Amino acid sequence: MTGQQDLIPSAKPVIGEAEIEAAVRVLRSGRVVQGPEVAAFEEEFSELVAGRHCVAVNSGTSALQLTLMALGIGPGDEVVVPSFSFAASANAVRLVGAEPVFADIEAGSFCLDPAAVEAAITPRTVAIMPVHLYGHPAAMDRLMPIAQRHNLAVVEDAAQAHAAALNGQPVGSFGTAGCFSFYPTKNMHSLEGGMITTADAELARTLRLLRNQGMEQRYANEIVGANMRLTDVAAAIGRVQLKQLPEWTEQRRSNAKFLDARITAAVTPPVADAARHVYHQYTIRVTGDRDAAQQKLLDRGVGNAVYYPTPIHRLKPYLGKDGQPGPWTLPETERAAREVVSLPIHPSLSATDLERIADAVNSLEGSQ
């Protein structure tokens, strides 16, 4: 077995001297919460989303929850979401008192299937939440017309898709709002944090009120709000990371191109026409005994992970009173949950690492 010191990690957050220096600079300034660094981060991030208003918050989940709150979504409402996603997508819907309605995904992109979305719409539906999973943009060119026909809000969950695009348009700039995460394993991070993007100035103002106890001026509370502010330390780190995002993104895409060409023993990630995939995860499909395949990869020093082994509709909080999943027919979701394995794709990989990853996957041939 390959020694543990030789393991290629499945993810590797970057925290360099520039990030450390930025954090120290803010700490020494004494302006540490909702100050000039946050404002600068919002302005700079806006360039990534076609100039939209940007509102920084303390996590990607907060971004989703506050957006739904600002849109007035609550009890009695339904939001169409994928079940093949991290639980936060549906949790945000439940946190505002609304109900997630699960729609199936497309096999190629792992993102919402527009036909399944349209079939899931009821008179109670008020919004669609496409998730740009693994860094691949959802089919926004087909989802937006559906939303417009049914007068629905669109909240993009772009937590994994910084700088992804479809037909040249960046994710986070299609819907009513877009929500990004800056968790340490994301394509860029701020240790922890989130960003909401919107073209609606009034919605942006409401979001700013909601993140700060409902006030714009101190003690002049206008609405009931929460404390979901981003610290200036986090924003300063995010600004450093944002500058490096273009280079890191191209490195991820280059790494993916190499693996696409070299891997023969598994289904590599397809990319839809006109889609810019930013490879938060490089997710292959394996058939047969996935646990055994994962162990073989580990034995050859290749870290790997499954995102996500249990679809949201099968998680305990979303089961029916009888302990069973609801009346969902989600064949592509179920198949993906059985077959996916994500390989290392982060920009810290060396050429030798990439060769080892490809060789390890190809060693699975015949065991699938």
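All residue numbers refer to position in the chain's written sequence, counted from 1. The predicted nature of this model means local features are confined to residues of pLDDT at least 70 and side-chain atom pairs, given and counted, to a pLDDT of 80 or more, with totals for whole chains, interfaces and linings taken over all residues. The side-chain figures draw on all heavy atoms in the structure; neither hydrogens nor water molecules are used.

J.: Explain empty space enclosed by the protein here, please?
T.: Unfilled space is identified by rolling a water-sized probe across the atoms. Using a grid of 1 Å spacing that covers the protein atoms alone, one calls a set of points a cavity when a 1.4 Å probe fits there but cannot get out, and a pocket when the set is open and has protein on both sides within 12 Å along at least five of seven lines; lining residues are those with an atom within 4 Å of a point. Grid points are joined across faces, edges and corners, and a volume is the space filled by probe spheres set on the points. Applying the stated criterion across every chain, the model contains 1 cavity of 30 Å³ or more. For the lining of the largest cavity, the residue count by class is 5 nonpolar, 6 polar and no charged. Think of it as three bins: nonpolar holds Ala, Val, Leu, Ile, Met, Phe, Trp, Tyr, Cys and Pro, charged holds Asp, Glu, Lys and Arg, and polar takes everything else, Gly as well.

J.: Looking at this structure, how should I read the packing of aromatic side chains?
T.: Both the distance between ring centres and the angle between the ring planes are used here to describe each pair of aromatic rings. Ring pairs shown here join Phe, Tyr and Trp side chains whose ring centres sit within 6.5 Å, with only the six-membered ring taken for Trp; geometry is labelled stacked below 30 degrees between planes, edge-to-face above 60, and tilted in between. Within this structure, the stated rule accounts for 13 aromatic pairs. On the basis of an interplanar angle of 75° and a centroid distance of 6.2 Å, the ring pair of phenylalanine 41 and phenylalanine 45 is categorised as edge-to-face. Taken together, the residues phenylalanine 41 and phenylalanine 45, both in helix H2 (residues 36–46) and 4 residues apart, mark about one turn of the helix. Three exposure classes are used, based on accessible area relative to the maximum for each residue type with a 1.4 Å probe and protein chains only: buried under 20%, partly exposed in between, and exposed over 50%. Classification of phenylalanine 41 by relative accessible area gives buried; the value is 0%. Between tyrosine 307 and tyrosine 308, the aromatic rings sit 5.8 Å apart at their centres with planes inclined by 70°, giving edge-to-face as the arrangement. Classification of tyrosine 308 by relative accessible area gives buried; the value is 12%. Members of the aromatic cluster, connected to one another through ring pairs, are Phe84, Phe86, Phe110, Tyr134, Tyr307 and Tyr308. Secondary structure counts use DSSP, requiring at least four H or I residues in a row for a helix and at least two E residues in a row for a strand, with both numbered from the N terminus.

J.: Would you explain unusual backbone geometry in this entry?
T.: Working note: non-glycine residues mostly have negative phi, and peptide bonds are mostly trans. Following tyrosine 307, the chain continues to tyrosine 308 via a peptide bond in cis, the omega torsion being 20°. Note that tyrosine 308 resides in the loop between helix H9 (290–299) and helix H10 (331–339). Phi at phenylalanine 110 takes a positive value of approximately 65°, unusual for a residue other than glycine. Position of phenylalanine 110 relative to the elements: it lies in the loop between strand E3 (99–103) and helix H5 (114–120).

J.: Could you clarify how one ought to interpret the pattern of salt bridges in this entry?
T.: A side chain of one charge can pair with a side chain of the opposite charge if their charged atoms are brought near each other. The working definition used for a salt bridge is a side-chain nitrogen of Lys or Arg within 4 Å of a carboxyl oxygen of Asp or Glu. All chains considered together, the criterion is met by 18 salt bridges. With its nearest N and O atoms 3.1 Å apart, the salt bridge here joins glutamate 42 to arginine 208. With glutamate 42 in helix H2 and arginine 208 in helix H7 (residues 201–211), this pair connects stretches of sequence that are 166 residues apart. On the accessibility criterion, glutamate 42 (8% relative accessible area) is buried. Residues glutamate 78 and arginine 124 are paired through a salt bridge, measuring 3.7 Å at the closest nitrogen-oxygen approach. In this pair, glutamate 78 is assigned in strand E2 (residues 78–82) and arginine 124 in the loop between H5 and strand E4 (125–128), connecting sequence segments 46 residues apart. Since its relative accessible area comes to 11%, glutamate 78 is described here as buried. Classification of arginine 124 as partly exposed rests on a relative accessible area of 42%. Each of the salt bridges in this network shares a partner with another, and the network as a whole consists of Arg25, Glu37, Glu44 and Arg239.

J.: Just checking my understanding: could you explain the sheet that holds strand E6 (residues 165–166) for this structure?
T.: Hydrogen bonds between backbone atoms are what pair the strands of a sheet, whose relative direction is either parallel or antiparallel. In spatial order, the strands read E7-E6-E10; together these 3 strands make up an open sheet with antiparallel pairing. Strands at the two margins of the open sheet, each flanked by one partner only, are strand E7 (169–170) and strand E10 (275–276). Two strands pair when backbone bridges link them, and E6 and E10 are joined in this way by 2 bridges, in the antiparallel orientation. Paired with leucine 166 across the bridge in E10 is alanine 275. DSSP calls a pair of strands paired once it identifies at least 2 bridges connecting them.

J.: Help me understand the layout of surface pockets, please; the structure alone is not making it clear to me.
T.: Quantified by volume, the largest pocket comes out at close to 560 Å³. Lining the largest pocket are 39 residues, with Ser181, Tyr183, Thr185, Lys186 and His280 positioned closest to its centre. Of all the secondary structure elements, the ones that give two or more residues to the lining of the largest pocket are helix H3 (60–70), helix H4 (88–95), strand E8 (177–181) and helix H8 (232–262). Within the lining of the largest pocket, the residues separate by chemical class into 19 nonpolar, 15 polar and 5 charged.

J.: Sorry if this is basic, but what is going on with the sheet that holds E2 here?
T.: Strand order in the open sheet formed by 7 strands is E1-E9-E8-E5-E4-E2-E3, with mixed pairing between adjacent strands. Here the strands that pair on one side only, and so sit at the sheet edges, are strand E1 (53–57) and E3. Averaged over all adjacent pairs, the angle separating strand axes in this sheet is 25°, with direction ignored. Seen against the sheet, H2 touches E1, E8 and strand E9 (194–198) and runs at an angle of roughly 135° to E1. Contact definition: two residues touch when any of their heavy atoms are within 4.5 Å. Lines fitted to C-alpha atoms define the axes here, with helix axes fitted over just the stretch in contact, and angles between the N-to-C directions of these axes take values from 0 to 180 degrees. Contacts from helix H6 (residues 140–150) reach E4 and strand E5 (153–157) within the one sheet, and its direction differs from that of E5 by about 150°.

J.: What am I meant to see in the environment of glutamate 247 here?
T.: Here glutamate 247 shows up in helix H8. Of the residues examined, glutamate 247 reaches a relative accessible area of 60% and is grouped as exposed. Measuring from C-alpha to C-alpha, the distance between glutamate 247 and alanine 204 comes to 30 Å, with 43 residues separating the pair along the chain.

Purely geometric stuff here, so don't read any function into it on its own.
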